[in-house]
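Overview (structure and organization)
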Amino acid sequence: AAFQQFPAAEVESQASAWSPLAIGAALGLLIAVAGGKPALAADLENGESMFNGNCTSCHAGGNNTIVAEKKLKKDALEKYLAGGYSVASIMTQVTNGKNSMPAFGEKLGPDDIDDVANYVYEQASKW
């Protein structure tokens, strides 16, 4: 007697009224979580991975094992990098290479080059 019984049709009607809303909310949340990663943090993380896999043989710790004074430290980038200390200049260098540095434009995709350039730019003042 403490439980109230509803006819089956009324229960189904109530359940289906909430179903599209619940599905929409769940789908919206899934899209927000899956697609809403912080772009800069993820880019820098990928940039670090690209750097470690492609650059550290010559540039570990922001150094340069081929031409010692041309480090990846901010003051050296300002002095030696064509275009100066900027993400665009670093991207150009990575893509096209120069002197002893090989071009990576054929090896890395544009997004990876952008990520590694941003990583180097951010690290340059920390190395």
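The following paragraphs examine the structure supplied in this document. (Residues numbered from 1 in each chain as written. Predicted model: local features only at pLDDT ≥ 70, side-chain atom pairs only at ≥ 80, totals over all residues. Heavy atoms only, no water.)

A closer look at the nonpolar core
Within soluble globular proteins, side chains that are nonpolar generally end up buried alongside one another. The condition that has to hold: By nonpolar core we mean a set of buried residues, namely Ala, Val, Leu, Ile, Met, Phe, Trp, Tyr and Cys, connected to one another through side-chain atoms within 4.5 Å. Relative accessibility decides the category of a residue: with a 1.4 Å probe and only protein chains considered, values under 20% of the type maximum give buried, values over 50% give exposed, and everything between is partly exposed. Helix and strand definitions follow DSSP, with helices as H or I runs of at least four residues and strands as E runs of at least two, each counted in order from the N terminus. Throughout, a contact is declared for two residues whenever any of their heavy atoms are within 4.5 Å.
Judged by nonpolar contacts, the single largest core of 18 residues is most densely connected at F51, L77, I90, V94, V116 and V120. Elements represented by at least two residues in this core include exactly α2 (39-54), α5 (87-96) and α6 (110-123). Counting residues per element, this core draws most heavily on α6, at five residues. Apart from residues no more than four positions distant in its own chain, F51 is found in contact with T56, H59, L72, V116, Y119, V120 and W127.

Observations regarding α5
Spelled out, the test is: This arc is taken over the directions from the axis of the helix to the C-beta atoms.
Among the residues of α5, those classed as buried are V87, S89, I90, Q93 and V94. The arc that holds the buried residues of α5, viewed along the axis, is 165°, so those residues lie on one side. Exposed residues lying more than 90 degrees from the buried face of α5 are A88 and N96. The secondary structure elements touched by the buried residues of α5 are α4 (74-80) and α6. Where α5 ends, the next residue or the one after it, G97, has phi of about 70°, a positive value.

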